[in-house]
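These are the residues of each chain, in order.
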Amino acid sequence: MTVFRFTGGHVATASGVLETAEIHVDQGRIAAISPLTDESDAYDLAGGWVLPGFIDTQVNGGGGVLFNDALSVEGIAAIGAAHARFGTTGFLPTLISGDIEAIEAALDAADAAIEAGVVGVLGVHIEGPVLNAARKGIHDAAKFRPLDPQLITLLARPRRGRVLLTIAPELVDLADLHTLVGAGVIVSAGHTEASYEQAEAAFDAGVSGVTHLFNAMPPISARAPGIAGAALDDPRPWSGLIVDRVHVSTPVLRMALKMRPFDKLILVTDAMPSVGSDQASFTLDGRQIRVVEGRCSSAEGTLAGSNLDMASAVANCVRELDLPPERAAILASTNPAAFLGLSHERGALGRGLRADWVVLDAELRPVQTQLAEGTAEFTAV
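What counts, and at which threshold
Residues numbered from 1 in each chain as written. Predicted model: local features only at pLDDT ≥ 70, side-chain atom pairs only at ≥ 80, totals over all residues. Heavy atoms only, no water. Salt bridge = Lys/Arg side-chain N within 4 Å of Asp/Glu carboxyl O. Helix = DSSP H or I, 4+ residues; strand = E, 2+ residues; numbered from the N terminus. Pairing = 2+ DSSP bridges. Axes fitted to C-alpha atoms, helices over the stretch in contact; angles between N-to-C directions. Core = buried A, V, L, I, M, F, W, Y, C linked by side-chain atoms within 4.5 Å. Buried < 20%, exposed > 50% of the residue type's maximum accessible area, 1.4 Å probe, protein only. Contact = heavy atoms within 4.5 Å.

(A) Quick look at the pattern of salt bridges. Per the counting criterion, the structure on display carries 19 salt bridges. The salt bridge partner of R29 is E345, with a shortest N-O separation of 3.5 Å. Linking R29 in strand β5 (residues 29-34) with E345 in the loop between α9 (325-339) and β21 (357-360), this pair joins segments that are 316 residues apart in sequence. We note a salt bridge from R236 to D204, for which the minimum N-O separation is 2.8 Å. With a gap of 32 residues between them, R236 in the loop between α6 (226-233) and β16 (238-241) and D204 in helix α5 (residues 196-204) connect regions that are remote in the sequence. Here the residues in one salt-bridge network are E200, D204, D234 and R236, joined through shared partners.

Printed below as a string of structure tokens:
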């Protein structure tokens, strides 16, 4: 049994925020959390926070590595290490629309990474290639394809971790959605022109997520609410938000917080290789992507993922959306764990859950990330 003691700050547990706490850990699991009884060797948070480890369901890259270019255990490990520095203790490496060979390689790489014990990898996110070319964003439309039997068979094959698939629901047969969901695939709607009615039919068929709400989909209008309107009106799907002060304006984010059930909103980064590295540019499908003032974009000005890490997303929620840190942590930890069906293992600081947390300083900068497998120390960034 190892005991971690904290004083002088805030520890966001599943049952409330403690000013002092001792967390008892046994074999990588939290055995108990209680107010501090002895401050003699406690870690002084100096006004900072202990939050549950973040879970990011959309990670294209990090640490100078793009998953599309590194479909391997080593590639996934490098991306995970880069994001662990910012408090992410669980993630889905994300493939940006690839051909069938790349999809199979991405699925196999995630399986191999889990088998090899790569810390944090929870499965894989296949974003595309069943997307609407009208809302392609930075994706290469030449790689788009229908959801045919070959792809369904590949995606439905049993895997070691979670498989998240982003599709444009208006392009697929509802029976095929039932098949995928029945096989355990988590299906999310994105890069889509779906109408309100088409979105509702997809939710009825088992689609349980909306990928980066408001981005790569039609805006809401008076007589055409579209999928964005469906996501705000229907309490069922989890909706991802990129809170980087680039993708979605602050007033629109506030509207989403007011209109959606809070437990059905999740923070995602949509992170690119520049996160956790000093890269000012990288290449995606032969196109140069430049990072300027925190914005990743092509020469034509198309957004290409983000330069966002999860600690910054949480801090942005606190500063821009007036959420207290413990509420922002629900968006970054608790809700994504529920979306992936992993609430029994992670997503909060509570008895029986993994001993995964992040220590933030008083300015909400990451200082230390604790994983069930061990502790990593960082200089505040």
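Still to come is the rest of the account.
(B) Structural detail: the sheet that holds strand β20 (residues 295-297). Read from one edge of the open sheet, three strands run β18-β19-β20, paired in antiparallel fashion. Strands with a single pairing partner mark the edges of an open sheet, and in this sheet they are β18 (281-284) and β20. The average undirected angle you get between the axes of adjacent strands in this sheet is 25 degrees. Taken together, the four bridges between β18 and strand β19 (residues 287-292) define a ladder with antiparallel strand orientation. Across the sheet, the residue bridging to T283 is Q288, located in β19.

(C) Region of interest: the nonpolar core. In this structure, L51, I126, L155 and L267 are the most contacted members of the largest nonpolar core, which totals 95 residues. Apart from the residues lying within four places of it in its own chain, the contact partners of L51 are A12, V314, P325, E326, A329, L349, W357, V358 and L360. By size, the runner-up hydrophobic cluster in this structure holds 13 residues, among which are F6, V11, A355 and V359.

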